[in-house]
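Here is how the chains run, residue by residue.
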Amino acid sequence: MSRAFNFSAGPGALPEPVLRQAQQEMLEWRDARASVMEISHRDKAFIALAESAEASLREILAIPSNYKVLFLQGGATAQFALLPMNLAAPDQAADYVLTGAWSEKAAKEAETLCTAKVAASSADANFTTVPDVAGWTLSEGAAYLHVTPNETIHGVEFYELPERSAPVIADVSSTILSRPLDVSKYGVLYAGAQKNIGPSGITVMIVREDLLERKPRALPQILSYKAHAENQSMLNTPPTFGWYVAALVFDWVKAQGGLAAIGERNRRKAEKLYAAIDGSGGFYTNQVDPRYRSWMNVPFVLPDEKLDAPFLKGAEAAGMLGLKGHRAVGGMRASIYNATGEAAVDVLIEYMREFQRKNG
Ligand SMILES: *Cc1c(COP(=O)(O)O)cnc(C)c1O
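Residues numbered from 1 in each chain as written. Predicted model: local features only at pLDDT ≥ 70, side-chain atom pairs only at ≥ 80, totals over all residues. Heavy atoms only, no water.

1. Quick word on the overall build of the chain
Part 1: When its secondary structure is counted, the chain shows nine helices and 13 strands.
Part 2: Radius of gyration (C-alpha) of the chain: 21 Å, near the 21 Å computed for a compact globule of 360 residues.
Part 3: C-alpha atoms of the chain, sized along the principal axes, occupy 60 × 55 × 30 Å.
Part 4: Taking all 360 residues of the chain together, the buried fraction comes to 53%.
Part 5: For the chain, the proportion of contacts with a sequence separation of at least 24, taken over those separated by at least 6, is 66%.
Part 6: Carbon together with sulfur atoms contributes 50% to the accessible area of the chain, which is approximately 16000 Å² in total. (Helix = DSSP H or I, 4+ residues; strand = E, 2+ residues; numbered from the N terminus. Rg over C-alpha atoms; globule rule 2.2 N^0.38 Å. Buried < 20%, exposed > 50% of the residue type's maximum accessible area, 1.4 Å probe, protein only. Contact = heavy atoms within 4.5 Å. Areas by Shrake-Rupley, 256 points an atom, 1.4 Å probe, with all protein chains shown as cover.)

Here you go:
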């Protein structure tokens, strides 16, 4: 058996050179005479690793100096609660733009902690588009405006923002490091690692420093962004192995030529796949407004649900994994994160053509 072409939505594919390096260093990391998992997070060597991971991420995303980078636990879902806890008073408005399942979840969680408002929603369109930014309803005195630039389940991606608003918080779990991003437009960017950064269990947050000074309520240290920032994300034992793999992935991103090169490749991958779907004469369909089609997650349906099982079975036999669509949308979903290369997309397109020839 060999490694498959991996289209998993998350945890998703990791770059093979990263896995190989981790494998090679599994028993003895550098000169630690132990695995990186087996040494203290306070060890000088580990602290150097943590610092270099942050420096790499700052370089890759050109993160301005007035932003802190945090490596936390709890996934993006923990942030759905921690963001309002840290940034919004209980009676303060926080605006949410609903463009899919993840933004809905984020807003729902905030409802219990502040006055969460729906600034705009494309629910009526089954989350196949993004409400025109000119029509978003922004609340007076809102703590922040929350957006989800890439909806992993619905396959909708967008970067439009109002010219003026409260600080923008963006859940970039499934789009971070997939293309260049202007950090300075956001107050907070956050991402669970398991799509484009590393293994699950670590969450990257990029937080504008002034937002750390907000004190909307008393919080235990472990829930406070400020406390984590003051302790270099080592208030308690961090997920050291995930941090280590993230550092390797950041090095890999740099070696690929950074986000400009990676973005170009991701654009090409996505364009090919959408072209194959659109060019199938209606056999495969993707309902998303072409202006907002995701480069990372490409959902598509077959003409008859009865074809789903044979499609997946054949795909697996041909060496492709993770194509089953999310139950909320049905059909298929090809997640084509950074580590799922152009060759994988070519193999998928070829398989789709072949399957259509036999079943169309
Ligand atoms: C995967 C994902 C999440 C959930 O992440 P967890 O780490 O499982 O909490 C949230 N938002 C988006 C956009 C995602 O893709």
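2. Focus: the pattern of salt bridges
Part 1: Applying the stated rule across the entire model yields 19 salt bridges.
Part 2: Here Lys-68 ties to Glu-209 by a salt bridge, and the two come within 3.4 Å at their closest N and O atoms. Highlighted residues: Lys-68 in strand E2 (residues 67-72) and Glu-209 in the loop between strand E10 (203-208) and helix H5 (225-230), separated in sequence by 141 residues.
Part 3: Looking at Lys-68, the relative accessible area reads 30%, which means it is partly exposed.
Part 4: Where Lys-226 meets Glu-230, a salt bridge forms, and the shortest distance between an N and an O atom there is 3.6 Å. (Salt bridge = Lys/Arg side-chain N within 4 Å of Asp/Glu carboxyl O.)

3. A look at the packing of aromatic side chains
Part 1: Applying the stated criterion across every chain yields a total of 16 aromatic pairs.
Part 2: An angle of 25° between the planes, with centres 4.7 Å apart, marks the rings of Phe-71 and Trp-243 as stacked. Of this pair, Phe-71 sits in strand E2 while Trp-243 sits in helix H6 (residues 240-255), placing them 172 residues apart in sequence. Both residues of the pair, Phe-71 and Trp-243, belong to the buried class.
Part 3: Here Phe-311 and Phe-355 contribute two aromatic rings whose centre-to-centre distance is 5.1 Å and whose plane-to-plane angle is 80°, an arrangement assigned as edge-to-face. (Phe/Tyr/Trp six-rings, centres within 6.5 Å; stacked < 30°, edge-to-face > 60°.)

4. Details of the packing of helix H7 (residues 258-278) against helix H9 (residues 342-359)
Part 1: The N-to-C vectors of H7 and H9 enclose an angle of 0°; their axes lie 10 Å apart at closest approach. By the angle between their axes, H7 is roughly parallel relative to H9. Between H7, through Arg-265, Arg-268, Lys-269, Lys-272, Leu-273, Ala-276 and Ile-277, and H9, the contact on the second element is made entirely by Glu-342, Val-345, Asp-346, Leu-348, Ile-349, Met-352 and Arg-353.
Part 2: Of the residues assigned to the contact of H7 with H9, the class counts are seven nonpolar, no polar and seven charged. (Axes fitted to C-alpha atoms, helices over the stretch in contact; angles between N-to-C directions. Parallel < 35°, antiparallel > 145°, perpendicular 65-115°, else oblique. Nonpolar A, V, L, I, M, F, W, Y, C, P; charged D, E, K, R; others polar.)

5. A closer look at the domain arrangement of the chain
Part 1: Taken as a whole, the chain is organised into domain 1 (17-255) and domain 2 (257-359).
Part 2: Distance from the C-alpha centre of domain 1 to the C-alpha centre of domain 2: 27 Å.
Part 3: Contact with domain 1, which involves 26 residues of that partner, is made by 27 residues of domain 2.
Part 4: Between domain 1 and domain 2, the buried area comes to about 2100 Å², and carbon and sulfur atoms account for 57% of it.
Part 5: Taken together, the connections running from domain 1 to domain 2 amount to zero salt bridges.
Part 6: Viewed at the interface, domain 2 and domain 1 are joined by 16 residue pairs in polar contact (both at pLDDT 80 or more). (Domains from an automatic or database assignment. Buried area = accessible area lost by both parts, 1.4 Å probe. Polar contact = N/O pair within 3.5 Å; in protein donor to acceptor, adjacent residues only side chain to side chain.)

6. Some details on the layout of surface pockets
Part 1: As a volume, the largest pocket reaches approximately 300 Å³.
Part 2: Residue lining of the largest pocket: 15 residues in total, with Arg-3, Ala-4, Asn-6, Glu-16 and Ala-339 positioned closest to the centre.
Part 3: Listed by contribution, the elements that provide at least two residues to the lining of the largest pocket are strand E1 (5-6), helix H1 (16-24) and H9.
Part 4: Looking at side-chain class alone, the lining of the largest pocket contains 10 nonpolar, three polar and two charged residues. (1 Å grid on protein atoms, 1.4 Å probe; cavity = no way out; pocket = protein on both sides within 12 Å on 5 of 7 lines; lining within 4 Å. Points joined across faces, edges and corners; volume = space filled by probe spheres on them.)

7. Description of the side chain of Asp-171
Part 1: Counting through the fold element by element, Asp-171 comes out in strand E8 (residues 168-171).
Part 2: Salt bridges are absent for the buried Asp-171, whose nearest opposite-charge side chain, Lys-195, sits at 7.1 Å.
Part 3: In this view, Asp-171 contacts Ala-76, Phe-80, Trp-102, His-146, Val-147, Thr-148, Pro-149 and Tyr-190; residues no more than four positions away in its chain are not counted. (Lys, Arg positive; Asp, Glu negative; His and termini not counted.)

8. Some thoughts on the sheet that holds strand E4 (residues 115-121)
Part 1: Taken in spatial order, the seven strands make up an open sheet running E2-E10-E9-E8-E5-E3-E4, and their pairing is mixed. Two strands bound the open sheet, and with one partner strand each, they are E2 and E4. Strand-to-strand twist across the sheet, computed as the mean angle between neighbouring axes with direction ignored, equals 20°.
Part 2: Where strand E3 (residues 93-98) and strand E5 (residues 145-147) come together, two bridges link them in parallel fashion. Counted as the bridge partner of Tyr-96 is His-146 from E5. (Pairing = 2+ DSSP bridges.)

9. A closer look at the site of the ligand
Part 1: Around the ligand sit Gly-75, Ala-76, Thr-77, Phe-80, Trp-102, Asn-150, Thr-152, Asp-171, Ser-173, Ser-174, Gln-194 and Lys-195, and that is every residue in its neighbourhood.
Part 2: Interatomic distance of 2.9 Å between a side-chain N/O atom of Gln-194 and an oxygen atom of the ligand.
Part 3: Between the ligand and the protein, one listed contact pairs an oxygen atom with a side-chain N or O atom of Lys-195 at 2.8 Å.
Part 4: For the ligand, whose unbound accessible area comes to 390 Å², protein coverage reaches 87%.
Part 5: By residue class, the composition of the shell around the ligand is three nonpolar, seven polar and two charged. (Near = heavy atom within 4 Å.)

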